[in-house]
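Here is what each chain is made of, one letter per residue.
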Amino acid sequence: MYDEPSPDPFLAQLCEGYTEAEVTEIRQYMAEWDASTYINVAQSILDHANRKEIDSLKYLRKAHNFNKKRAVRIPKVGYRQDGSAVYRKGNEYLIVRPDKFGIEKIVTYGVNDD
């Protein structure tokens, strides 16, 4: 007998109030993220967007559109002791961590208000 997996409450909360097209967009952006210390990617995105007081989809779009080619990478090669690297451009930053295939996944995105 096959048991259907229980629905993800974080994903349900993340997608709540969005159109079907927007939910598809959210799911596409989620593939670019790493769960890091969270239960899953949806929980990570919810927490970061809520702490930064920004709409979740807008937050995902900003992280997706961050231009790493025009940013300063710290460290320039390799990763910090925690396995992550930071891209900085102006007051924006993107923290990434490689997945098991070596593909950099987003851990968080933010803006430093100075």
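Notes on the structure follow.

Conventions used here
- Residues numbered from 1 in each chain as written.
- Predicted model: local features only at pLDDT ≥ 70, side-chain atom pairs only at ≥ 80, totals over all residues.
- Heavy atoms only, no water.
- Helix = DSSP H or I, 4+ residues; strand = E, 2+ residues; numbered from the N terminus.
- Buried < 20%, exposed > 50% of the residue type's maximum accessible area, 1.4 Å probe, protein only.
- Contact = heavy atoms within 4.5 Å.
- Axes fitted to C-alpha atoms, helices over the stretch in contact; angles between N-to-C directions.
- Parallel < 35°, antiparallel > 145°, perpendicular 65-115°, else oblique.
- Left-handed = near helix turned anticlockwise from the far one by under 90°.
- Nonpolar A, V, L, I, M, F, W, Y, C, P; charged D, E, K, R; others polar.
- Polar contact = N/O pair within 3.5 Å; in protein donor to acceptor, adjacent residues only side chain to side chain.
- Pairing = 2+ DSSP bridges.

Relative to the helices and strands, Val-107 resides in strand β4 (residues 104-111). You can call Val-107 buried: its relative accessible area is 11%. Separated by 12 residues in the primary sequence, Val-107 and Ile-95 have C-alpha atoms spaced 5.4 Å apart. Not counting chain neighbours up to four residues away, the residues in contact with Val-107 comprise Trp-33, Asp-34, Ser-36, Ser-44, His-48, Ile-95, Val-96 and Arg-97.

Another point: the packing of helix α2 (residues 20-30) against helix α4 (residues 56-65). Where α2 contacts α4, the axes come no closer than 10 Å and their chain directions differ by 45°. Overall, the two elements α2 and α4 adopt an arrangement that is oblique. As α2 packs across α4, the resulting crossing turns out to be left-handed. Taking contact as the criterion, the partners of Glu-22, Glu-25, Ile-26 and Tyr-29 in α2 are, on α4, Leu-57, Leu-60, Arg-61 and His-64. The residue inventory of the contact of α2 with α4, partitioned by class, reads four nonpolar, one polar and three charged.

In this section: the side chain of Thr-108. Looking at where Thr-108 falls in the secondary structure, it is placed in strand β4. Side-chain polar atoms of Thr-108 contact the side chain of Lys-52, separated by 3.5 Å. Within the structure, Thr-108 has its side chain in polar contact with the side chain of Tyr-59 (distance 3.2 Å).

Looking now at unusual backbone geometry. Leaving glycine aside, a negative phi is the common case for residues, and trans is the common case for peptide bonds. In this structure, Pro-75 follows Ile-74 across a cis peptide bond, with omega equal to -10°. Among the structural elements, Pro-75 can be located in the loop between β1 (72-74) and β2 (85-89). At Ser-36, a residue that is not glycine, the phi angle is positive and equals roughly 55°. Along the chain, the position of Ser-36 falls in the loop between α2 and α3 (41-51). Judged by its relative accessible area of 32%, Ser-36 is partly exposed. Here Glu-53, not a glycine, exhibits a phi torsion of approximately 55°, which is positive.

Further remarks concern the pairing of strand β3 (residues 92-98). Counting buried positions over the seven residues of β3 gives five, a clear majority of the element. Summarising the sheet, β2 and β3 pair through five bridges and their orientation is antiparallel. Within the sheet, the bridge partner assigned to Tyr-87 lies in β3 and is Leu-94. Of the pairings in the sheet, the one linking β3 to β4 comprises seven bridges and is antiparallel in character. Note that in β4 the partner of Glu-92 across the bridge is Val-111. Between the end of β3 and the start of β4, which pair antiparallel, lie five residues, with Gly-102 showing a positive phi angle near 85°.

Shape is all these values report; function is a separate question.
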